[in-house]
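So the chains spell out like this:
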Number of protein chains: 2
Amino acid sequence: MRKPIKVEEAIERVMKWSYEGEKEYVSIEESFGRALAEDIKATTDVPWFDRSPYDGYAICAAATENASASTPVLLEVVGTVGAGSVWEGPIEPHQAVKIMTGAAIPDGANAVIMVELTQEVIKDGKTFVQIKRRVAEGENISRIGEDMQEGCLLVEKGTVINPGVVAVLATFGYYRVPVMKRPKVAIIATGSELLEVYEPLEKGKIRNSNAYMLKAQVRRAGGEPIVYGKVKDTFEATFEAVTKAMQEADIVVTTGGVSVGDFDYIPNVYEKLGAQLLFNKVGMRPGSVTSAAVADKKVLFGLSGNPSACYVGFELFVRPFLKAMLGQKNCYLKKVQAILKEDFLKTNPFTRFVRAKLSYDDGMLHVEPAGKDKSNIVSSLVQANSLLVLPGGSRGFKAGTKVDVLLLEDEEGAPKWP
Amino acid sequence: MRKPIKVEEAIERVMKWSYEGEKEYVSIEESFGRALAEDIKATTDVPWFDRSPYDGYAICAAATENASASTPVLLEVVGTVGAGSVWEGPIEPHQAVKIMTGAAIPDGANAVIMVELTQEVIKDGKTFVQIKRRVAEGENISRIGEDMQEGCLLVEKGTVINPGVVAVLATFGYYRVPVMKRPKVAIIATGSELLEVYEPLEKGKIRNSNAYMLKAQVRRAGGEPIVYGKVKDTFEATFEAVTKAMQEADIVVTTGGVSVGDFDYIPNVYEKLGAQLLFNKVGMRPGSVTSAAVADKKVLFGLSGNPSACYVGFELFVRPFLKAMLGQKNCYLKKVQAILKEDFLKTNPFTRFVRAKLSYDDGMLHVEPAGKDKSNIVSSLVQANSLLVLPGGSRGFKAGTKVDVLLLEDEEGAPKWP
């Protein structure tokens, strides 16, 4: 007889074995979606030279001291400086340089007047800019370090690289980007009933959907899946697949074979490996038979063969372990509160994790089950963006109740199990 | 002088030119993250044979009619059927077959009793199962088509393939998956001030961050970026890059060169191409100079060279166009309401799109600016998961006000511009 433990206890037992993975370098081009292996700091001030935020004229402010609509000042335009070029030599107080957005302020200039506030005037073959107002020293100059100082922390280690992070990396010259290696996750689907996706159906058999689903879950979490195909329900085949996977992968995930049926060999495999059993029964639905063990310091996750239980088991147990390997402090699923849209009056002694759809309405969060919640219905997974958590016990839940919801498509995560 | 048009009008002008892209087939292994090109329907009933949802014994219900704790019934166990195998020949009313979860119900049996409710008894060298209660006909049998009927719609065209969709595809034998081709998006960064990411800084120059950022934005939206490198601020170089890109890509995105500076050549390029200008000024901050034009039925997006304006311009204009090419009805950014966490008292005649961080608190949505909101600060993009929309006009916005927020990391989208 197996004794169920609480979900939080099961997660804690697994996470005790978690560790940070290795670092590697990839080009910035390949960095999107990877987890940063180091804090990213500003390698220079920004701007790193005084520059013009507008198209206009770089001038000496003092020259405009007495300028007004009735007494405009004329400054000689001695040239134009575009973004990327540098004006050679200082300008004199009676001169101006036409300047483009982003260009460096010429030596001698200490202000910029926007082009819209001026007029060009040709006189004696020379070009002048007419200025009808006083310009203050420093006006319209983006100063060195105004936006950011060299050395300041920009992006924390573990952050998944999004387009904004890519922009920061490019700005500061990170062509080679330190990222965490993708943890290798072995996926073994056990079950003599399993057919390949391309095989025609036979009576008693179904197609192997869990391996493909897990492969996508591993990718979504940032890992590198290695699929070991489907394995027949024999002890030898299962043992062989698991031992091979332990040599090649960082994490070994099996699906199926963990229940109490005559052909459920995962418990025997753990035993023969001399593995330390972490748990083999969890107080949760679906997936109460979810198991985990440690052999040679490698964690073996024994997920249920039932598609929904397999899905939930991955997100609750494997995902945080994988995220921790990616150096992420916030390795757990993020929990939010939402208003239940439907009654759940049937009670259950175990905590239920219902695949759910979280929606937004007028500033409030609402949650409802995604499709029918039978654990063998894959279609309810299609629309699930969250898991609705219904604590076990003797009470049902009425529509309108505030409940906990775990987000499945959120990169931010949480620092601990809710 | 350019006349600003409203953001919604600008989006409408672009989307009039949108069209659905082409379809291709990829293996299920490569389908994660792609957009479905067809509705996916159930190719069989599920289950497609009567099967056992539990480990137990397949029996004829009638044999248990008089069973009770005091008068248990003994049925002879004639064998075991595991998932994936089929019991040959019908069973008689006095017989039982031990059956595992997922196995097909043997002919002659019409109910399953869970193993936990029985006991095995050996008598005269034969194995019997002892049953102490009446079992109803049909009990614990998952019937053909109980979960799903052949032909029913499972996943809609345009859906981005997530792990749940992969499970559905595998279950129904979709080894080759019809997906939309990734639209090819040309990215051209203009500006003589631009350095490569690996180049050391020179006075007046900055590294090209927009091209890398846009590349990641294109990937996030489901497109295939083609980066044409950086282009000097000359008419010839800009014209050459744009015409080359038009031949190779479905969508052409430039960044920089759209303002009114002396070296802003995009308007001239549009003119020489004989392009139909869709707009060259939009009532928005940042990015009021964002432009778009159509040449040879190809849309050219002229985004601002300012990193934040470039980012926002992509999400507002290019993303929905790209999503429409991916066959997605919900091609626009999803809008939600949230409570403003900070004052925005400064007014602006134009609608502001502030890079923001949406958070959840006790069932409510809250929003705050991500980092400082200067349009030239890339660091504020790092934490942005949304755009906070502040309508233009003469009023400021106090903390606590309910405001519109556009979600950037949501796959669901919306059927029309908010």
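Quick caveat: nothing in here was measured; it's all calculated off a predicted structure. (Residues numbered from 1 in each chain as written. Chains lettered and ligands numbered in written order. Predicted model: local features only at pLDDT ≥ 70, side-chain atom pairs only at ≥ 80, totals over all residues. Heavy atoms only, no water.)

Details of the overall build of chain A
Stage number 1. Along the backbone of chain A there are seven helices and 24 strands.
Stage number 2. For chain A, whose C-alpha radius of gyration is 32 Å, the value lies well above the compact-globule estimate of 22 Å for 418 residues.
Stage number 3. C-alpha extents for chain A along the principal axes are approximately 105 × 50 × 40 Å.
Stage number 4. Expressed as a percentage of its 418 residues, the buried residues of chain A come to 56%.
Stage number 5. Relative to all contacts within chain A whose residues are 6 or more apart in sequence, the contacts with residues 24 or more apart total 73%.
Stage number 6. Of the charged side chains in chain A, 51 are positive and 53 negative; the average position of the first set lies 9 Å away from that of the second. (Helix = DSSP H or I, 4+ residues; strand = E, 2+ residues; numbered from the N terminus. Rg over C-alpha atoms; globule rule 2.2 N^0.38 Å. Buried < 20%, exposed > 50% of the residue type's maximum accessible area, 1.4 Å probe, protein only. Contact = heavy atoms within 4.5 Å. Lys, Arg positive; Asp, Glu negative; His and termini not counted. Charge placed at Lys NZ, Arg CZ, Asp CG, Glu CD.)

Some thoughts on helix α1 (residues 7-15) of chain B
Stage number 1. Within α1 of chain B the residues assigned to the buried category are Val7, Ala10, Ile11, Val14 and Met15 of chain B. Down the axis, α1 of chain B shows its buried residues gathered within 130° of arc, on one side only. (Arc of directions from axis to C-beta.)

Considerations on the pattern of salt bridges
Stage number 1. Summed over all chains, the structure comprises 38 salt bridges over all chains.
Stage number 2. The closest approach of N and O atoms between Glu29 of chain A and Lys215 of chain B, which form a salt bridge, is 2.3 Å. Of this pair, Glu29 of chain A sits in the loop between β1 (23-27) and β2 (40-41) while Lys215 of chain B sits in helix α3 (residues 210-221), which puts the two residues in different chains.
Stage number 3. The class for Lys215 of chain B is buried, based on a relative accessible area of 12%.
Stage number 4. Lys335 of chain A is the salt-bridge partner of Asp404 of chain A, the closest N and O atoms lying 3.6 Å from each other. Residue Asp404 of chain A is found in strand β24 (residues 402-407), and its partner Lys335 of chain A is found in strand β20 (residues 334-340); the two are separated by 69 residues along the sequence.
Stage number 5. Classification of Lys335 of chain A as partly exposed rests on a relative accessible area of 33%.
Stage number 6. Here the residues in one salt-bridge network are Arg220, Glu315, Arg319 and Glu409 of chain A, joined through shared partners. (Salt bridge = Lys/Arg side-chain N within 4 Å of Asp/Glu carboxyl O.)

What about the relation of the copies chain A and chain B?
Stage number 1. Each copy of the sequence occupies a distinct position, and chain A is placed on chain B by a rotation of 180° and an axial shift of 0.0 Å, giving an RMSD of 0.0 Å. In symmetry terms, the pair is related by a two-fold rotation axis. Considering only C-alpha atoms, the part of chain A nearest the rotation axis is Met364 of chain A, at 2.4 Å.
Stage number 2. The residues that chain A uses at the interface reappear at the interface of chain B in 100% of cases, marking a shared surface. (Least-squares fit on C-alpha atoms with pLDDT ≥ 70 in both.)

Thoughts on the packing of aromatic side chains
Stage number 1. Inspection of the entire model under this criterion finds 14 aromatic pairs over all chains.
Stage number 2. With centroids separated by 6.3 Å and ring planes inclined at 85°, the aromatic side chains of Tyr19 of chain A and Phe321 of chain A adopt a geometry described as edge-to-face. Pair noted here: Tyr19 of chain A is in the loop between α1 (7-15) and β1 and Phe321 of chain A is in helix α6 (residues 307-325), with a separation of 302 residues, a long-range link.
Stage number 3. Here Phe235 of chain B and Tyr265 of chain B contribute two aromatic rings whose centre-to-centre distance is 6.4 Å and whose plane-to-plane angle is 75°, an arrangement assigned as edge-to-face. Placement of the pair is Phe235 of chain B in helix α4 (residues 235-248) and Tyr265 of chain B in the loop between β15 (251-255) and α5 (266-272), with a sequence separation of 30 residues. (Phe/Tyr/Trp six-rings, centres within 6.5 Å; stacked < 30°, edge-to-face > 60°.)

Brief notes about the side chain of Arg319 of chain B
Residues and elements named next belong to chain B.
Stage number 1. Turning to its location among the elements, Arg319 is positioned in helix α6 (residues 307-325).
Stage number 2. Look at Arg319 and you get buried, because its relative accessible area is 6%.
Stage number 3. Among all residues touching Arg319, those that are not within four sequence positions of it are Ala221, Phe314, Cys331, Tyr332, Leu333 and Asp410.

With respect to the interface of chain A and chain B
Where the parts come together, the accessible area they lose is often given as the size of the interface.
Stage number 1. Counting residues at the interface gives 86 residues for chain A and 86 residues for chain B.
Stage number 2. Of the roughly 7600 Å² buried where chain A meets chain B, counting both sides, 61% is carbon and sulfur surface.
Stage number 3. When the buried surface of chain A facing chain B is broken down by residue, Lys203, Tyr360 and Val382 of chain A rank first, second and third, together holding 9% of it.
Stage number 4. Taken together, chain A and chain B are joined by eight salt bridges.
Stage number 5. Counting every contact that joins chain A to chain B gives 23 residue pairs in polar contact (both at pLDDT 80 or more).
Stage number 6. Considering only residue class, the side of chain A that touches chain B consists of 41 nonpolar, 20 polar and 25 charged. (Buried area = accessible area lost by both parts, 1.4 Å probe. Polar contact = N/O pair within 3.5 Å; in protein donor to acceptor, adjacent residues only side chain to side chain. Nonpolar A, V, L, I, M, F, W, Y, C, P; charged D, E, K, R; others polar.)

Digging into the domain arrangement of chain A
Residues and elements named next belong to chain A.
Stage number 1. Parsing chain A into structural domains produces domain 1 (7-22 + 182-325), domain 2 (26-47 + 146-180), domain 3 (56-131) and domain 4 (334-407).
Stage number 2. The gap between the C-alpha centroids of domain 1 and domain 4 is 25 Å.
Stage number 3. With 14 residues of domain 1 in contact, the opposing surface of domain 4 contributes 16 residues.
Stage number 4. Between domain 1 and domain 4, a total of about 1200 Å² is buried, with carbon and sulfur atoms accounting for 68% of that surface.
Stage number 5. Interface area lost by domain 1 to domain 4 is led by Arg285, Ser308 and Tyr311, which between them contribute 40%.
Stage number 6. Here domain 1 and domain 4 share zero salt bridges between them.
Stage number 7. Linking domain 1 with domain 4 are three residue pairs in polar contact (both at pLDDT 80 or more). (Domains from an automatic or database assignment.)

Overview of the packing of α1 of chain B against α6 of chain B
The axes of two packed helices give the description: the angle between them and the distance between them.
All names here are of chain B.
Stage number 1. Running from N to C, α1 and α6 point in directions that differ by 35°, and their axes come no closer than 10 Å. For α1 against α6, the interelement crossing comes out right-handed. Here Val7, Ala10, Ile11, Val14 and Met15 of α1 come into contact with α6, specifically with Leu316, Phe317, Pro320, Phe321 and Ala324.
Stage number 2. Looking at the contact of α1 with α6 residue by residue, the class counts come to 10 nonpolar, no polar and no charged. (Axes fitted to C-alpha atoms, helices over the stretch in contact; angles between N-to-C directions. Left-handed = near helix turned anticlockwise from the far one by under 90°.)

Examining the pairing of strand β21 (residues 351-361) of chain A
All names here are of chain A.
Stage number 1. Buried residues dominate β21, accounting for eight of its 11 residues.
Stage number 2. As paired strands, strand β17 (residues 284-285) and β21 are joined by two bridges and run parallel to one another. Looking at the pairing, Met284 lines up with Thr351 of β21.
Stage number 3. Both β21 and strand β23 (residues 386-390) contribute to a ladder of five bridges, which runs antiparallel. Within β23, the residue paired with Val354 across the bridge is Leu388.
Stage number 4. Pairing geometry for β21 and strand β22 (residues 364-369), over six bridges, is antiparallel. Paired with Asp361 across the bridge in β22 is Met364.
Stage number 5. The loop that links β21 with its antiparallel partner β22 comprises two residues; one of these, Asp362, has a positive phi angle of about 55°. (Pairing = 2+ DSSP bridges.)

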